[in-house]
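# Structural characterization, general
Residues per chain, in single letters:
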Amino acid sequence: ASETLRLRIAQALCGPLSVWAQQSPERPDQAGHRALANVALGYLAALNSPATLTLARRRSESVNMSISLGALSAINDSASSERAMAMGAFHDRWRSNPLVLDKWFGLEAGAATHGIEQIRALMQHEAFDWRSPNRVRAVLAAFSRRNLRAFHGEGGYALYAEAVSRLDAINPQVAARLSRPLLGWRRLAEPWAGRQRTVLEQMQQAGCSRDLGEMLEAALA
């Protein structure tokens, strides 16, 4: 429904969106204009036109981080070669900067075209570190909040629970906080509610820290 609405808005407002998306002001006092350009580019990307994808890739090369990340976010759900080139170039450019690389991990984990195998591959990436709360949070938060098709799909809950359990042995406090996307099973329809509850019960039976255990107990009570 969300994707359909985004497409309909892009089709109806293609003209003004195209004008706004072309703007890329970099002055510090033009943050609002940059935000508008990023939003416009995000809607236009739903049309999947070659011109928009190319514009986004070129914008992703900007030295201004808000422009660069805005462009990457706009085409993040695209399966195009432009998206692949832009993400690859961004990774190579910022691979030595942990804070910016966290953004790359978040984008990859939240991409709608990525399934659980791609999420698992991210956790095996040479730059992924289970001892870095920010790096783990970047992947798991984006996976559960933005990549809804994969998270709620076959094996999504199990993969997330596996990651939380592994983190629990290293950082129980962070693991407990990151368990929250699995705790709202009562608000879900079947079969998702049952799947999520089963995963929680399995985590509880396997044993965990007190921090995580208290979260699981409260959710299952």
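Residues numbered from 1 in each chain as written. Predicted model: local features only at pLDDT ≥ 70, side-chain atom pairs only at ≥ 80, totals over all residues. Heavy atoms only, no water.

Below, the discussion takes up the nonpolar core. Of all hydrophobic cores here, the largest spans 57 residues; its most connected members are Leu182, Leu200 and Met203. Setting aside its immediate chain neighbours within four residues, Leu182 contacts Phe151, Tyr157, Tyr160, Ala161, Gln196, Val199, Leu200 and Met203. (Core = buried A, V, L, I, M, F, W, Y, C linked by side-chain atoms within 4.5 Å. Buried < 20%, exposed > 50% of the residue type's maximum accessible area, 1.4 Å probe, protein only. Contact = heavy atoms within 4.5 Å.)

The next subject is the pattern of salt bridges. Counted by the stated rule, this structure contains twelve salt bridges. We note a salt bridge from Arg95 to Asp92, for which the minimum N-O separation is 3.7 Å. Arg95 serves as the salt-bridge partner of Glu126, at 3.3 Å between the closest nitrogen and oxygen. Separated by 31 residues along the polypeptide, Glu126 in the loop between helix H8 (116-123) and helix H9 (133-145) and Arg95 in the loop between helix H6 (81-94) and helix H7 (98-110) bring together distant segments of the chain. Classification of Arg95 as partly exposed rests on a relative accessible area of 43%. (Salt bridge = Lys/Arg side-chain N within 4 Å of Asp/Glu carboxyl O. Helix = DSSP H or I, 4+ residues; strand = E, 2+ residues; numbered from the N terminus.)

The next thing to look at is the confidence of the model for the protein. The share of residues in the protein with pLDDT of 70 or more is 100%, and the mean pLDDT across the chain is 95. Per-element confidence in the protein ranges from a low mean pLDDT of 93 for helix H3 (residues 31-44) to a high of 98 for helix H11 (residues 156-168). (pLDDT = per-residue confidence, 0-100.)

This next bit is on H6. Count 3.6 residues to each turn of an α-helix, and residues three or four apart come out pointing the same way. A rise of 1.5 Å per residue sets the reference length of H6, with its 14 residues, at 20 Å; its end C-alpha atoms lie 20 Å apart and thus fit the reference within 8%. Here H6 has its buried residues at Glu82, Arg83, Ala86, Met87, Phe90, His91 and Trp94. For H6, the arc enclosing every buried residue in end-on projection is 160 degrees, short of the 170-degree limit, so these residues lie on one face. Where H6 is buried, its residues touch helix H4 (50-59), helix H5 (65-74) and H7. (Expected span 1.5 Å × (residues − 1). Arc of directions from axis to C-beta.)

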